[in-house]
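Listed here are the chains, written in short residue letters.
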Amino acid sequence: MQLGQIFAVLGAVASTTEPGLSLGQIYAILGAATAVVLAGLGSVFGVAIAGQSAAGVVTEDPDKFGQVLLLQALPGTQGIYGLLIGFIIMNKLNIFGGMIDVSTETGLLLFVSALPIAIVGLISAIYQGRTSAAAIGIIAKRPEELGKAITFPVVVETYAVLALLASFLMVNGIPV
C-alpha cells in the first residue's frame, strides 16, 4: 500500500465517522505517532547493536561495564527526540484535555513536520549503534581512550540533533 492510498483510507474513515476525529486531527496524530515510533525503533535497534558488543567486552572484563554502558546508551537519544516532537504535537492538539479541531492542511503540516526526526532518528540511531559497537572495541583494547571512543558515535548524533531542531522549528511555526 502506498502512502497516497493510506491517506485516502484515512480520509474515508474520517468522513464516515460520526462525531469522530477530523481528517486534520488524524493527520496530526499520525505525525506524532510517526515521530515516536520510527525514532523509537531506531533507538531499539541501535542500543541492541551496541549492547551485543558491550556484553562481549563485559564478559571478558567486568570492570569496563561503566565505560561500555555509556556507549551503549548513546543511540537511545533518538527515541527521546521523537518522543519530544510527538508530545509537542499532542500538546498543540490539546489531546489530553478536550482535543481541538485543526484543518486538514494544518494536520498535514504537523505530519510533515514530524518526518525529519522520524526518518533521521530511525536511520541515525541504527548507524550510531554500529559506531558505538566499534567504539566499544576500542574500550576493549585501550580503555584509556574512552574520550576518543565516545567522539565517533557523538558525531553521528549531530545529525539527529539537526533533525530534532528542524522538526521542532517546523512544529512550533504552525499556528493551531
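Residues numbered from 1 in each chain as written. Predicted model: local features only at pLDDT ≥ 70, side-chain atom pairs only at ≥ 80, totals over all residues. Heavy atoms only, no water.

Chemist: Help me out: how do you make sense of the overall build of the chain in this one?
Modeler: Of the regular secondary structure elements, the chain holds six helices and zero strands. Tracing the chain from N to C terminus, the helices and strands come up as α-α-α-α-α-α. Considering the chain as a whole, with its 176 residues, one finds that 39% of them fall into the buried category. Excluding contacts between residues fewer than 6 apart, the proportion of contacts in the chain whose partners are at least 24 apart in sequence is 82%. Accessible surface, the chain: about 9100 Å² in total, of which carbon and sulfur atoms supply 70%. (Helix = DSSP H or I, 4+ residues; strand = E, 2+ residues; numbered from the N terminus. Buried < 20%, exposed > 50% of the residue type's maximum accessible area, 1.4 Å probe, protein only. Contact = heavy atoms within 4.5 Å. Areas by Shrake-Rupley, 256 points an atom, 1.4 Å probe, with all protein chains shown as cover.)

Chemist: What's the story with a nonpolar patch on the surface in this structure? I'm lost.
Modeler: A surface patch of nonpolar side chains, about 350 Å² in accessible area, is lined by Val-37, Leu-41, Val-44 and Phe-45. Its location among the elements puts Val-37 in helix H2 (residues 23-60). Of the residues examined, Val-37 reaches a relative accessible area of 46% and is grouped as partly exposed. (Patch = residues over 30% accessible without salt bridge, like charges linked within 9 Å, V, L, I, M, F, W, Y side chains within 5 Å. Salt bridge = Lys/Arg side-chain N within 4 Å of Asp/Glu carboxyl O.)

Chemist: What should I look at first to understand the nonpolar core in this one?
Modeler: The nonpolar side chains of a soluble globular protein tend to be buried, and buried together. Counting residues in each nonpolar core, the largest one holds 18 residues, and the members touching the most others are Ile-85, Ile-89, Ile-117 and Val-171. Element by element, the count of residues in this core is highest for helix H4 (residues 77-92), at five residues. Here Ile-117 is in contact with Ala-35, Ala-39, Tyr-81, Gly-82, Ile-85, Leu-122, Ala-160, Ala-163, Leu-164 and Ser-167, once residues within four sequence places are set aside. Membership of the second largest hydrophobic core comes to 11 residues, among which are Ala-54, Val-57, Ala-135 and Ile-150. (Core = buried A, V, L, I, M, F, W, Y, C linked by side-chain atoms within 4.5 Å.)

Chemist: How should I be thinking about the confidence of the model for the chain in this particular structure?
Modeler: In regions of low pLDDT, the predicted coordinates are not meant to be interpreted in detail. In the predicted model, the chain carries a mean pLDDT of 93, and 90% of its residues have values of at least 70. By mean pLDDT, the top-scoring element of the chain is H4 (98), and the lowest-scoring one is helix H1 (residues 3-16) (62). (pLDDT = per-residue confidence, 0-100.)

Chemist: Which parts of the structure should I look at to understand the packing of aromatic side chains?
Modeler: Two measures describe an aromatic ring pair: the distance that separates the ring centres and the angle between the ring planes. All told, the structure shown has zero aromatic pairs when counted by the stated rule. Over the face of the ring belonging to Tyr-127 we find Arg-130, whose NZ or CZ atom lies 5.0 Å from the ring centre. (Phe/Tyr/Trp six-rings, centres within 6.5 Å; stacked < 30°, edge-to-face > 60°. Lys NZ or Arg CZ within 6 Å of the ring centre and 35° of its normal.)

Chemist: Would you take a moment to explain unusual backbone geometry for this structure?
Modeler: Across the chain, the bulk of peptide bonds are trans and the bulk of non-glycine residues have phi less than zero. Positive phi values are uncommon outside glycine, yet Asn-94 reaches one of about 55 degrees. Along the polypeptide, Asn-94 turns up in the loop between H4 and helix H5 (104-141).

Chemist: Which parts of the structure should I look at to understand the side chain of Ser-113?
Modeler: Turning to its location among the elements, Ser-113 is positioned in helix H5. Judged by its relative accessible area of 4%, Ser-113 falls in the buried class. Of the polar contacts made by the side chain of Ser-113, one reaches the backbone oxygen of Leu-109; its length is 2.7 Å. The contacts of Ser-113, once residues within four sequence positions are left out, are Ser-167, Met-170, Val-171 and Ile-174. (Polar contact = N/O pair within 3.5 Å; in protein donor to acceptor, adjacent residues only side chain to side chain.)

Chemist: Which parts of the structure should I look at to understand the environment of Ile-174?
Modeler: Note that Ile-174 resides in the segment after helix H6 (146-172). Residues Ile-174 and Leu-110, spaced 64 residues apart in sequence, show a C-alpha to C-alpha distance of 7.4 Å. Non-local contacts of Ile-174, meaning those with residues more than four positions away in its chain, are made with Lys-92, Thr-106, Leu-109, Leu-110 and Ser-113.

Chemist: Whenever I open this one, the pattern of salt bridges confuses me. Can you help?
Modeler: Counted according to the given criterion, the structure contains two salt bridges. Here Lys-64 ties to Asp-61 by a salt bridge, and the two come within 3.6 Å at their closest N and O atoms. Salt-bridge contacts for Lys-148 lead to Glu-145; the nearest nitrogen and oxygen are separated by 3.3 Å. For Lys-148, a relative accessible area of 54% gives the class exposed. Since its relative accessible area comes to 17%, Glu-145 is described here as buried.

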